[in-house]
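The lines below spell out each chain.
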Amino acid sequence: MFEVISNDILAPNLHRMVVKAPRVATARRPGQFVIVRTESGDERIPLTIGDANPEEGTITLFVQAVGVSTRKIVSVPSGGFIRDVAGPLGKPTHLGNWERVACVGGGVGTAVLYPLVKALFDTGKRITTIIGGRSSSYIILADELAAISDTLLITTEDGTLGRKGFVTAELSDIINDPLRTPQAVFAVGPVPMMHAVAELTRPFGIETIVSLNPIMIDGTGMCGGCRVMVGGEMKFACVDGPEFDGHLVDFASLQDRLTTYREYESLPPHSNSKCRIAGGDPL
């Protein structure tokens, strides 16, 4: 069992949870994730490790409550317990030898972007961070990102904070400024946003890394549920990713797979979650 140390609301339906997981905190590297299960028999939910404190043995998780399982996770209060936290999983972020980097986050993707920016900052990169959301209430971690970025730019679709519009407008401006043109771009957020960023950087030949979030079940490459097409080859996001070359990702097939089970997300867990053959504990 893993104790929840704190559970704070950052934005509508978005929680920051600090969880006691000493071994994960010690082994974790930027870009990796964990699989979380609140109770036996619950759905396995992949969550990026937003931060870690090896001294205190804690990891920070950002959880967007969008379905039955994620709402159950965020309902665990401080002092409560989560049954399973498995990880760290996935390949760590490749930090490269670039001098100038742009990091782009949309919506809850900003939470996933944070550990990437922090890792790049620790290696001395010059970082321009661009974050966006529907409105000011959906802008998260602005102060934290400003502290580890040379420049922080904010966009909102309704203009309530920063520039009105999308993150791609700010990215286009810095790409076209010779003094600010990045040598690499990291993008994390909704699939359409990451796709737009990849197409924006493609003509300039700027290396573009995206963090994908396909449907994931096992998390160790055994089920194949998180398969994505990258450069015409099938990859598993859990073991080959979650970060890939954005210019090679088949975003259309990724979007299709993400919507496959959407109608079931609001339904309660299946009543037959116990193995009827063995008659034992839930799976």
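Everything numeric here is computed off the predicted structure, so don't read it as measured data.

(A) Region of the structure containing the packing of helix α5 (residues 167–175) against helix α6 (residues 191–201). One way to put it is that α5 packs onto α6 with a least axis distance of 10 Å and a crossing angle of 20°. Classified by the angle their axes make, α5 and α6 are roughly parallel. Between α5 and α6 lies a crossing whose hand is right-handed. Contact residues: α5 offers V167, T168, L171, S172 and I175, while α6 offers M193, A196, V197, L200 and T201. Here the residues of the contact of α5 with α6 are counted per class, giving 7 nonpolar, 3 polar and no charged.

(B) The arrangement of unusual backbone geometry in detail. Residues G87 and P88 are joined by a peptide bond in cis, for which omega reads 0°. Omega for the peptide link from G241 to P242 comes to 15°, which places this bond in the cis form. Take P242: it is sitting in the loop between α7 (237–240) and β16 (243–245). Backbone geometry at N13 places phi at a positive 65°, although glycine is not the residue there. With respect to the helices, strands and loops of the structure, N13 is situated in the loop between β1 (2–11) and β2 (14–20). In this structure, L141 is a non-glycine residue whose phi angle is positive, near 60°. Structurally, the position occupied by L141 is in the loop between β9 (126–133) and α4 (142–146).

(C) Broad picture of α6. Every buried residue belonging to α6 is among V191, M193, M194, V197, A198 and T201, and all of these are buried. Projected down its long axis, α6 carries its buried residues within an arc of 165°, all on one side. In this fold, the buried residues of α6 make contact with β8 (100–106), α5, β12 (184–188), β13 (207–211) and α8 (251–258).

(D) Broad picture of the sheet that holds β8. Read across the open sheet, the 7 strands follow the order β11-β10-β9-β8-β12-β13-β16; overall the sheet is mixed. Edge positions in the sheet fall to β11 (163–164) and β16, since each has one partner strand and no second. Of the strand pairs in this sheet, β9 and strand β10 (residues 151–156) are connected by 6 bridges, and their pairing is parallel. Across the sheet, residue I130 finds its bridge partner in β10, namely L153. Strands β8, β9, β12, β13 and β16 of the sheet are contacted by helix α3 (residues 109–122), whose axis makes an angle of about 165° with β8.

(E) Fine view of the environment of T58. Within the fold, T58 resides in strand β5 (residues 58–64). Spatially, the C-alpha atom of T58 lies 8.1 Å from that of V24, the residues being 34 residues apart in sequence.

(F) How the structure looks around the nonpolar core. Among the nonpolar cores identified, the biggest contains 32 residues, and V104, L171, M194, L212 and F251 are the most heavily contacted of them. Put simply, the parts of the chain that give this core at least two residues each are β3 (33–37), β8, α5, β12, α6, β14 (227–230), α7 and α8. If you tally residues by element for this core, the top one is α6, at 5 residues. With near-sequence residues (within four places) excluded, M194 lies in contact with A187, V188, G189, V210, S211, L212 and F251. In this structure, A11, L145, V188 and I209 belong to the second largest nonpolar core, which totals 25 residues.

Calculation rules
- Residues numbered from 1 in each chain as written.
- Predicted model: local features only at pLDDT ≥ 70, side-chain atom pairs only at ≥ 80, totals over all residues.
- Heavy atoms only, no water.
- Axes fitted to C-alpha atoms, helices over the stretch in contact; angles between N-to-C directions.
- Helix = DSSP H or I, 4+ residues; strand = E, 2+ residues; numbered from the N terminus.
- Parallel < 35°, antiparallel > 145°, perpendicular 65-115°, else oblique.
- Left-handed = near helix turned anticlockwise from the far one by under 90°.
- Contact = heavy atoms within 4.5 Å.
- Nonpolar A, V, L, I, M, F, W, Y, C, P; charged D, E, K, R; others polar.
- Buried < 20%, exposed > 50% of the residue type's maximum accessible area, 1.4 Å probe, protein only.
- Arc of directions from axis to C-beta.
- Pairing = 2+ DSSP bridges.
- Core = buried A, V, L, I, M, F, W, Y, C linked by side-chain atoms within 4.5 Å.

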